[in-house]
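# Observations on the model geometry
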Amino acid sequence: MNLNTLKQQFESGEKDNLLMDVYLDEALLPYLRDRFSKAIDSFIDTFKENEGEIYSAPGRTEVGGNHTDHQHGKVLAASINRDAIAIVSKADNVNIISAAGGGLITIDINDLEKKDAEEGTTASLIRGVLAGLKKNGYTIGGFNAYVTSDVLIGAGLSSSAAFETLIGTIISGLYNDMQISAILIAQIGQYAENEYFGKPCGLMDQMASSVGSLVTIDFKDPDQPIVEKVDFDMASHGYSLCITDTKADHVNLTPDYAAVPAEMKAAAAVFGKNYLREVEPSQIISSISLIREKVNDRAALRALHFITENARVDEQVNALRGGDVKSFLAAVKASGDSSYKYLQNVYTNKDVEHQAVSIALGVSEYTLNKDGKNHGVARVHGGGFAGTIAAFVENDYVTEYKNAMDSVFGENACNVLQIRKYGGMKLI
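Residues numbered from 1 in each chain as written. Predicted model: local features only at pLDDT ≥ 70, side-chain atom pairs only at ≥ 80, totals over all residues. Heavy atoms only, no water.

## Focus: the environment of D111
Checked against the element boundaries, D111 lands in the loop between strand 4 (105-107) and helix 4 (122-135). Residue D111 is classed as partly exposed on the basis of its relative accessible area of 28%. Taking the C-alpha atoms as reference points, D111 and Q9, separated by 102 residues in sequence, lie 39 Å from one another. Within the structure, the side chain of D111 is placed 3.0 Å from the side chain of K115, a separation counted as a polar contact. (Helix = DSSP H or I, 4+ residues; strand = E, 2+ residues; numbered from the N terminus. Buried < 20%, exposed > 50% of the residue type's maximum accessible area, 1.4 Å probe, protein only. Polar contact = N/O pair within 3.5 Å; in protein donor to acceptor, adjacent residues only side chain to side chain.)

This is the structure:
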């Protein structure tokens, strides 16, 4: 489509119905009109082209199943109305420039072998997604793209998964008639992050971003995960989702993240299994002493977290499907308590003097209960150790809660989000 025409349509409000369908918040319209207009200008200025398409991939929020996916467990997650967008046109190779800076990234589509020097970089994710798609028999090709994202980096909303989903969706749209399944795009995103980027993540982030909506996912067979949508409108039941970014740095935390699946797998190995999902919960409980002896106490605690957290996902899903918000919130609080006490991913023990997530949880609990009434619950969000917390807050108490969190962590640290119904998509 002609990009100058498209820019005028965004600026005039002609695309407002589309924006409302995707982003769900009327208050965002002025920002979104400006965002897309500027992105189009940046693409034209960079690549000197006037024809293109627009793709989008959302960030995600974890609702239940903290650190269960990498043990083939269950999760409850949702896509949100913050996303990475790309203005795109076909090209000989992949050329991407980002609003975040760093200059032009160029990937030769005929050179997709992993490069050790690229580990931990955006280039590694692009190369990994392309390699994964080609390996699975899909047509790949080059493209020019200007990418901008309002999925906060390091904020537990999974900016990397949104980016991986975006690249997979672009290839699906430009070269495969949008026929690559959302589940496969998620799996390839995980492959890129594990094998090329060098982070041993599970599959939840990519799946929630790629599939979209509020979904429960069972990873018992990660090659064929069971994905079910959960129809529930949180706002109509009186609650809003608030994500607070504590602004704590994720740098040097990879060993902390990596230790979680490593210790869980070590606990499973005590029973001759590869993953904790393969071990009966009763076996774990009756053999805690053996896990302590063969591995260590923290591995035993993390195994305890896994079996209780995996069961809680079903509790949450059943509560939502039954319209029982009280039981759902109780399960969210129990999930947060387990993450804090047993999983132990609220702060790193290598730097106990800095505990931003702990502070956020403490301020949240005080604020949500300070008048003797319960106005919501909060819990650690995502990978943990730094980053964000998630809270479900009564609609008429959101302003007070947001003010309390912003007073500690800075203006707009607390973001009120909507659950978006679309995953990775060709927007236009």
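## Focus: the sheet that holds strand 8 (residues 239-245)
If you trace the four strands from one edge of the open sheet to the other, you get 9-10-8-11, paired in antiparallel fashion. Edge positions in the sheet fall to strand 9 (376-380) and strand 11 (414-417), since each has one partner strand and no second. Taking each pair of neighbouring strands and ignoring which way they run, the sheet shows an average axis angle of 25°. For strand 8 and strand 11, the ladder comprises four bridges, and the chain directions are antiparallel. (Pairing = 2+ DSSP bridges. Axes fitted to C-alpha atoms, helices over the stretch in contact; angles between N-to-C directions.)

## Some details on the pattern of salt bridges
Under the criterion given, the structure shown has 26 salt bridges. Each of R35, D83, D150 and R420 takes part in one network of salt bridges that share partners. (Salt bridge = Lys/Arg side-chain N within 4 Å of Asp/Glu carboxyl O.)

## Focus on the packing of helix 6 (residues 182-197) against helix 7 (residues 204-211)
At a minimum axis separation of 8 Å, helix 6 and helix 7 run at an interaxial angle of 145°. As for the relative orientation of helix 6 and helix 7, their crossing is right-handed in sense. Across the interface between the two elements, A182, I183, I185, A186, G189, Q190 and E193 from helix 6 touch Q206, M207, S210 and V211 from helix 7. Its residues placed into classes, the contact of helix 6 with helix 7 shows six nonpolar, four polar and one charged. (Left-handed = near helix turned anticlockwise from the far one by under 90°. Contact = heavy atoms within 4.5 Å. Nonpolar A, V, L, I, M, F, W, Y, C, P; charged D, E, K, R; others polar.)

## Some points on the nonpolar core
Core analysis: the biggest nonpolar cluster contains 35 residues, and V88, V94, I96, L130, F143, L166 and I170 have the highest contact counts within it. Breaking this core down by element, the ones donating at least two residues are strand 1 (53-64), strand 2 (74-91), strand 3 (94-98), helix 4, strand 5 (142-149), helix 5 (159-175) and helix 6. If near-sequence neighbours (up to four positions away) are discounted, V88 is found in contact with F43, E51, G52, E53, Y55, F143, N144, A145, I170 and L174. V230, V313, L320 and A390 belong to the second largest nonpolar core, which has 23 residues in total. (Core = buried A, V, L, I, M, F, W, Y, C linked by side-chain atoms within 4.5 Å.)

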